[in-house]
Amino acid sequence: ALFEVGGRTVPTSDYSTGPWADCAFAGCRGECGSNMRPIVSGLDVKMDLGALDPVSGVYITGNTPLPIKVALTDKVDICPCNGTALTIEVALTITYSILRNEQGLPLVVQPQVLLQNTMAEPYSLHAKEVTVDFLVNPARATLTGRTTLLSVGGVAQFTDVALSEAGTGFVLRFSIENGAGNTTFVDSAPFNVGRGNLPIMQLTEKPAASARNIGRALRTPPLIELKRMTGGVEVNTQSDIEVAMVIGTNGPDGEIDGATETLLRADPFTGEVLFLNVLLLNGNCADCEDPPEGPGKCGLGYSLVFVSNDVKIESDLFNVAGGNRSPRWIAPTPAHNIRVPAVSGEVTRVTTINVTDDNLHSIHVALGAPASVAADLSIATYFCPWDEAAVKTLLCVGPGVAAAGGSNFDLLAQYQTWGQMVQLIQQGTSGCVKPLTVDRFGYGTPVTMTPKCKLAAQEYPGPRSSVPLCFQPADEFEVDTRPVYTRGDERCVDVEVLAAAAPVLTAPYHWNAHHASLEGIAPGVLAAHAALPDMGGVREYSIGVGCVLEFDVAGMDARGASSLEMLPLRTTVTTLYSQRELDTPLPAGAVLGATSGTNPATAAFRWQPERGMEGRKYTICFFVRSTVEAGCVQDFYVAPYHGHASQFCVEVSVERCRVCARPGETLASIAEEYRTSVNQVWGGNVMRQAQHLAVGQVLDFGPTYEVGHDETLAEVAAKLATPMEHLFALNPDLRERRAALSATPGEALRASKGNYEPGTAPWAMQAGTMMPDAQSLCFTPPICSYEALPTASSPDVAAFQCEDCDGGREYCTAPRCVAGVGAGPWEDAACSRFVGRRCQRCTACRTEEVGPAGDITVPGEYRAAGGDGGVAGGV
């Protein structure tokens, strides 16, 4: 389906192409991102109707497709590029009603009220006055015809009751007075009234303006005649339906005076609507000898539009001449909707007010800005005279000339040429003037702004600070002693308030607004940050499980009065297979301490990764909150998403096969947790004895293997003589792909060798986080084997390689203390006997035995001929 009509999807088989404007409707043609183009000058769509029209009450059924003409003349996005269909809203208007009752016409079945006594017998003793009114009136209609009559013979028969508006669910209430204030009533059942034929509108008297229209109504008042079709002939509508009048074409931004009635009901007998005393303010023709548009030129003009029941008729264009022409902007007033940057706390010229008026009436300039913003402007403000609210809020600006009701542009100040008075000459009897020697005149005043900090943006990066300042000149004059105001065009400037400074981060590495490409900062600040020498620092860390990572987050702000606070922003976890943002700003177990100092300021970060985090890269981001002054808090480096150029982050890789000893842990407990043996861990690390393990001591409990081209987990497990379950346990990042990797045949592990150049694999760069080119696996090989192990990924685990031992006869181990002074475990200085060396010969396998003190009571022996794939020490 290509698009939707009225909420229903229209299949491609239910439309015809019609004449196209520029291009075919179907498909993007590979042009996503540039799909705005004009389309479809006429498109026929077929739509099934089967619903109740809410106004007429007509229910169309039968599932007959109804052709609908759709015209899209504006530019639309023919392919949103996200698979969604283009939606076209189509409004259907039922132009004829088959309801029995129609608006404005007497009800087909007129109400008949039967009067009864308490015995339910007809009451005809006395004539009673029966009145009908609305109980339920959903369309706010009025009742016409005779609505009160006397009963005759116990019957009140209404003959011409009509409802003025269409609608559903009307209920009428009939009542009689029984004396002593008692009223008896009965209600009708709900009924509907349809629109019938929509009226045919005829503009009999077209509006025409007077020669001078200051305070005068249109010379020819508009007359509308409403007609309907009866028997193929147009006749006047006998209905008092409403007709509304609005401005159609409105070249010079005219207004209908508020005292003019713009919503009238038709005469129910003639169908006529006469709009009297239509006063259109803001003439488009100056009644002067030489209008500014040139001799005899009046501009675009006006038209009036009359609307009734969704039918409208528009008048021809006409002009309004004379002295009610609104004030105009004149050069060198800046263009409309320009953007002006202003640094908080600094004086900035944001615009210039240059206005003039043709008819020497007082000019006010309305300010479109809240009072808090107006207080930062250099120009005086006062309450606009047309603000009649009890609590006045509408502000006007002026040159500071005192006048009744405030300041405004008086006649003398109004006609200056940038400070020089000019001689004015009268133009006949029109009341218009023009300068004698120059062709431009008016009042000009610069407007400067000293924005407060709180007007600046609160987040960097973030939505820019937009402080709109709008100015609209208004002309004040009297109509029948009533003040009237006509308004000129509105001119606006968009003031972007820039932050006067931005924090510089000094730890764990140097970072500033220039590095972050921040916007909304004073240009001088960005230039100063760009010139700062790079103080370096550390951005990337590698750490094992249980090891402690500590560093400071520190910064300073050039605004000495600012108070800084270091806060966490977000943490993103990346593997070769996925990237996700944590629900908390810091990883589990991480803490950013309270900020010490105010400016400069420092906060200490501490984190000890937990089991299950191995093989993942944690991108931990921070931001700086600067309290500039009371009520003004700004957050810097609050990047909206991971990978954004402005984020200030450190990257922490949690290493495989590496742990740090925690309080209470022994070599035996670590070996058991990672499914290996004391010999395995002891032999792979440079340590004198197995019994003595210092808190925080770094241990490598196995080597890492980098997978090759198209290797599966099953193939690697066989090569490393390690069960797949052990690989899943030692490499938690594989678990999210467990089903695919465990299948037969399993999914190949990710490796760029043979597929991609280094650093170009799809997983290598994920939203700014650089990942390895290939999957790396931690494993614990059986120590009872002399098979050549894979190349170690780090020199720190080279102790697991037996390249220096005699082939086929020795295994890797290390010296360990088995006796010393006092109770073990022993420090090296207290050890009296070491056992073992880097290459330990053996002829048969035997598991070692460890005593209660953690010392090895019986050394283990292992086969020199190689292992059988079992755990270390197995037979």
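Residues numbered from 1 in each chain as written. Predicted model: local features only at pLDDT ≥ 70, side-chain atom pairs only at ≥ 80, totals over all residues. Heavy atoms only, no water.

## Observations regarding the overall build of the chain
Quick note on the threshold: In this description a helix means any DSSP run of H or I spanning at least four residues, a strand means any run of E spanning at least two, and both kinds are numbered starting from the N terminus. Buried residues are those whose accessible area, probed at 1.4 Å on protein chains only, stays under 20% of the maximum for their type, while exposed residues exceed 50% and partly exposed ones sit between those limits. We call two residues contacting when some pair of their heavy atoms lies within 4.5 Å. In these tables, accessible area is a Shrake-Rupley quantity obtained with a 1.4 Å probe, and a residue counts as shielded only by the protein chains included in the view.
Helix and strand counts for the chain stand at 9 helices and 65 strands. Burial analysis of the chain (875 residues in total) assigns 46% to the buried set. For the chain, long-range pairs separated by at least 24 residues make up 66% of all intrachain contacts whose partners lie at least 6 apart in sequence. When the accessible surface of the chain is summed, it comes to about 41,900 Å², and 53% of that surface belongs to carbon and sulfur atoms.

## Some thoughts on the confidence of the model for the chain
Note the cut-off: Per-residue confidence from the predictor is given as pLDDT, running between 0 and 100.
Model confidence for the chain is summarised by a mean pLDDT of 75, while 67% of its residues fall at 70 or above. Long-range and interchain partners of residues 287–296, a stretch whose pLDDT sits below 50, account for 18 contacts in this model, where long-range means more than four residues apart. The low-confidence segment residues 862–875 (pLDDT under 50) makes 34 contacts with residues lying over four places distant or belonging to another chain.

## Structural notes on the pattern of salt bridges
Worth spelling out the cut-off: For this document, the term salt bridge refers to a Lys or Arg side-chain nitrogen within 4 Å of an Asp or Glu carboxyl oxygen.
Per the stated rule, a full pass over the model turns up 21 salt bridges. Here Arg 559 and Asp 557 are joined by a salt bridge, their closest N and O atoms 3.3 Å apart. For the salt bridge of Arg 658 with Asp 700, the shortest nitrogen-to-oxygen distance reads 2.8 Å. On the criterion of sequence distance, the pair formed by Arg 658 in strand β54 (residues 648–660) and Asp 700 in strand β55 (residues 698–700) is long-range, its members being 42 residues apart. Asp 700 sits in the buried class, given a relative accessible area of 5%. Residues joined by salt bridges that share partners form a network here, namely Arg 611, Glu 614, Arg 662, Glu 665 and Glu 673.

## So, unusual backbone geometry
A cis amide bond links Tyr 460 with the next residue in sequence, Pro 461, at an omega value of -5°. Counting through the fold element by element, Pro 461 comes out in the loop between β41 (459–460) and β42 (467–479). Residue Pro 745 follows Thr 744 across a cis peptide bond; omega there is -5°. In this structure, Pro 745 sits in the loop between α9 (738–742) and β57 (765–766). Backbone geometry at Asn 277 places phi at a positive 55°, although glycine is not the residue there. Looking at the element boundaries, Asn 277 is found in the loop between β24 (272–274) and β25 (280–281).

## What about the sheet that holds strand β23 (residues 263–265)?
Inclusion rule: We treat two strands as partners when DSSP finds at least two bridges between them. Angles here are taken between N-to-C directions and fall from 0 to 180 degrees, while the axes themselves are lines fitted to C-alpha atoms, restricted in helices to the stretch in contact.
In spatial order, the strands read β23-β21-β26-β27; together these 4 strands make up an open sheet with antiparallel pairing. The open sheet has two edge strands with one neighbour each: β23 and β27 (311–314). Averaged over all pairs of adjacent strands, the angle between strand axes in this sheet comes to 30°, irrespective of strand direction. Both strand β21 (residues 242–250) and β23 contribute to a ladder of 3 bridges, which runs antiparallel. Opposite Glu 242, over in β23, you have Arg 265 as the bridge partner.

## Quick word on the environment of Arg 464
Assignment of secondary structure puts Arg 464 in the loop between β41 and β42. Note on Arg 464: relative accessible area 41%, which makes it partly exposed. If we ignore the near neighbours within four places in the chain, the residues touching Arg 464 are Arg 339, Asp 494 and Glu 496.

## What about the side chain of Arg 559?
Within the secondary structure, Arg 559 is located in the loop between β47 (549–556) and β48 (563–574). With a relative accessible area of 15%, Arg 559 lands in the buried category. Not counting residues up to four positions away in its chain, the partners in contact with Arg 559 are Ala 500, Ala 501, Asn 599, Ser 626, Val 628, Gln 634 and Phe 636.

## What about the state of the cysteines?
Here is the rule: What counts as a disulfide here is a pair of cysteine sulfur atoms lying within 2.5 Å.
Within the structure shown, the criterion is met by 6 disulfides. Two residues, Cys 470 and Cys 492, share a disulfide whose sulfurs are 2.1 Å apart. One disulfide, between Cys 470 and Cys 492, carries an S-S torsion of 110° and so falls in the right-handed class. Residue Cys 470 is located in strand β42, and its partner Cys 492 is located in strand β44 (residues 491–498); the two are separated by 22 residues in the primary sequence. Assigned by exposure class, Cys 470 and Cys 492 land together as buried.

## A closer look at the environment of Trp 682
Inspection of the secondary structure assignment puts Trp 682 in helix α6 (residues 678–683). For the pair Trp 682 and Phe 701, spaced 19 residues apart in sequence, the C-alpha separation works out to 8.2 Å.

## Quick look at the packing of aromatic side chains
Centre-to-centre distance and the angle between the planes together describe a pair of aromatic rings. Threshold: Centres within 6.5 Å make a pair out of two Phe, Tyr or Trp rings, where for Trp the six-membered ring is used; the pair is then stacked when the planes are under 30 degrees apart, edge-to-face when over 60, and tilted otherwise. Counted as over-ring charges are cases with an Arg CZ or a Lys NZ within 6 Å of the ring centre that also lie within 35 degrees of the ring normal.
Tallied over the entire structure, the rule returns 18 aromatic pairs. Plain terms: the ring middles of Phe 158 and Phe 174 are 5.7 Å apart, the flat faces sit at 50° to each other, and that makes the pair tilted. Here Phe 158, found in the loop between β13 (155–157) and β14 (162–163), pairs with Phe 174, found in strand β15 (residues 167–179); they are 16 residues apart in sequence, far enough to count as distant. Since its relative accessible area comes to 1%, Phe 158 is described here as buried. Through a chain of ring-to-ring contacts, the aromatic side chains of Tyr 541, Phe 551, Phe 605 and Phe 622 assemble into a single cluster. Taking NZ or CZ as reference, Arg 173 lies 3.8 Å from the ring centre of Phe 185, over its face. Taking the ring centre of Phe 728 as reference, the NZ or CZ of Arg 738 above it sits at 4.4 Å.

## A few points about the nonpolar core
Rules: Each nonpolar core is a collection of buried residues, namely Ala, Val, Leu, Ile, Met, Phe, Trp, Tyr and Cys, held together in the definition by side-chain atoms within 4.5 Å.
Core analysis: the biggest nonpolar cluster contains 86 residues, and Leu 469, Phe 605, Phe 622 and Tyr 637 have the highest contact counts within it. Residue contributions to this core peak at 7 residues, all from β54. Residues Leu 576, Leu 720, Leu 734 and Leu 741 belong to the second largest nonpolar core, which totals 21 residues.

## Description of the side chain of Arg 658
Here is the rule we go by: For the purposes of these results, a polar contact is taken to be a pair of N or O atoms within 3.5 Å, where, inside protein, one atom must be able to donate a hydrogen and its partner to accept one; residues adjacent in sequence count only when each atom of the pair is a side-chain atom.
With relative accessibility at 13%, the residue Arg 658 sits in the buried group. Polar side-chain contacts of Arg 658 include one of 2.8 Å to the side chain of Asp 700.

## Side note on the sheet that holds strand β50 (residues 591–592)
Pairing is antiparallel across the open sheet formed by 4 strands, whose spatial order is β45-β47-β51-β50. Each edge of the open sheet carries a strand with a single partner, namely β45 (504–507) and β50. Pairing of β47 with strand β51 (residues 601–607), which is carried by 7 bridges, proceeds in the antiparallel orientation. Bridging from a neighbouring strand, Gly 555 pairs with Ala 601 of β51.

## Points about the environment of Arg 216
Mapping Arg 216 onto the fold places it in the loop between β18 (200–205) and β19 (223–230). Counting along the chain gives 264 residues from Arg 216 to Asp 480, while the straight-line C-alpha distance between them is 9.8 Å.

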